[in-house]
Amino acid sequence: MTPIPSAFALLHQVFVLDAYLKRRIPAASADKLVRSLVSDLLKTLHMQELGPLQIYPATDPRAPGWSFLQAITTSHISGHYFDSEDSSPHIRIDIYSCTTVQWHKAIDTLHKHLVLGEWRATFIDRQIDDTSQERLILDIHGNGAEVLDEQKLSVQNSSLYGSKRSTPTSA
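Below is a summary of the structure that appears in this document. (Residues numbered from 1 in each chain as written. Predicted model: local features only at pLDDT ≥ 70, side-chain atom pairs only at ≥ 80, totals over all residues. Heavy atoms only, no water.)

### Details of the packing of helix H1 (residues 27-45) against helix H2 (residues 103-114)
Relative to each other, H1 and H2 sit at 160°, their axes nearing to 10 Å. By the criterion of interaxial angle, the relationship of H1 to H2 is roughly antiparallel. Between H1 and H2 lies a crossing of right-handed hand. Contacts from Leu33, Ser36, Leu37, Asp40, Leu41, Thr44 and Leu45 in H1 reach Lys105, Ala106, Thr109, Leu110, Lys112, His113 and Leu114 in H2. Class assignment of the residues belonging to the contact of H1 with H2 gives a composition of seven nonpolar, four polar and three charged. (Axes fitted to C-alpha atoms, helices over the stretch in contact; angles between N-to-C directions. Helix = DSSP H or I, 4+ residues; strand = E, 2+ residues; numbered from the N terminus. Parallel < 35°, antiparallel > 145°, perpendicular 65-115°, else oblique. Left-handed = near helix turned anticlockwise from the far one by under 90°. Contact = heavy atoms within 4.5 Å. Nonpolar A, V, L, I, M, F, W, Y, C, P; charged D, E, K, R; others polar.)

Take a look at the structure:
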């Protein structure tokens, strides 16, 4: 007999982080570091992999580094690490899930593995179907594991569908 699945609510949350790193990641260490980081993120955020982790070295010499993609049962986690002689090493991480993205925990995990310097992030709670639910957008910045500022950017409570919109008139 197939067990009855527990209640599941689609949340559509996105966490996007852009961070300078306090140390460079040698290319020879990238594979091991990414595997450890993604494994820890999955465990910490209670997410499950959908397929194998994919890690790609950069092929464009103008943007040396590497990228990764981890499909999860509720969407994906991706990252792009850049390191050149002309700039500080930095990383771009996207975590998108149809379940809760606990971004505070993600910050701690990312700092543990990458040693974050200054960073900026955006958290989006992408609700569309439930007009009583706020669509929340946060602008966040910090240094290391510390959140220095968190600002609510936008709250939209009106339905995108079926609402009457005024159209501009020419004078």
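Having seen it, we continue.
### Some thoughts on the environment of Gly65
With respect to the helices and strands, the residue Gly65 is situated in strand S3 (residues 65-72). Spatially, the C-alpha atoms of Gly65 and Pro89 are 9.0 Å apart, while their sequence positions differ by 24 residues. When sequence neighbours within four positions are dropped, the list of residues in contact with Gly65 reads Pro57, Ala58 and Tyr81.

### A look at the side chain of Ser78
Checked against the element boundaries, Ser78 lands in strand S4 (residues 75-82). With relative accessibility at 9%, the residue Ser78 sits in the buried group. (Buried < 20%, exposed > 50% of the residue type's maximum accessible area, 1.4 Å probe, protein only.)

### Focus: unusual backbone geometry
Positive phi outside glycine occurs at Ser75, with the angle close to 150°. On the secondary structure map, Ser75 appears in strand S4. Of note, the phi angle at Val115 is positive, near 55°, even though the residue is not glycine. Examined against the element boundaries, Val115 turns out to sit in the loop between H2 and strand S6 (116-125).

### Some words on the packing of aromatic side chains
If you walk through the whole model with that rule in mind, you get two aromatic pairs. When the centroid spacing of 6.1 Å and the interplanar angle of 15° are considered together, the rings of Phe15 and Trp103 count as stacked. In this pair, Phe15 is assigned in strand S1 (residues 13-21) and Trp103 in helix H2, connecting sequence segments 88 residues apart. The pair Phe15 / Trp103 is uniform in exposure class, with both members buried. Centroid distance Trp66 to Tyr81: 4.9 Å. Interplanar angle 20°. Geometry classified as stacked. Here Trp66 is found in strand S3, whereas its partner Tyr81 is found in strand S4, with 15 residues between them in sequence. (Phe/Tyr/Trp six-rings, centres within 6.5 Å; stacked < 30°, edge-to-face > 60°.)

### What about the pairing of strand S5 (residues 90-97)?
In terms of burial, S5 is largely enclosed, as six of its eight residues are buried. Here S1 runs beside S5; their pairing, made up of eight bridges, is antiparallel. Across the sheet, residue Tyr20 finds its bridge partner in S5, namely His90. With eight bridges connecting them, S4 and S5 associate as antiparallel partners. Bridge pairing in S5 links His80 to Arg92. (Pairing = 2+ DSSP bridges.)

### Here we look at the pairing of S1
Every other side chain in a regular strand lies on the same face of the sheet, so the side chains alternate between the two faces. Two elements, S1 and S6, share eight bridges in a ladder whose sense is antiparallel. Within the sheet, the bridge partner assigned to Gln13 lies in S6 and is Asp125.

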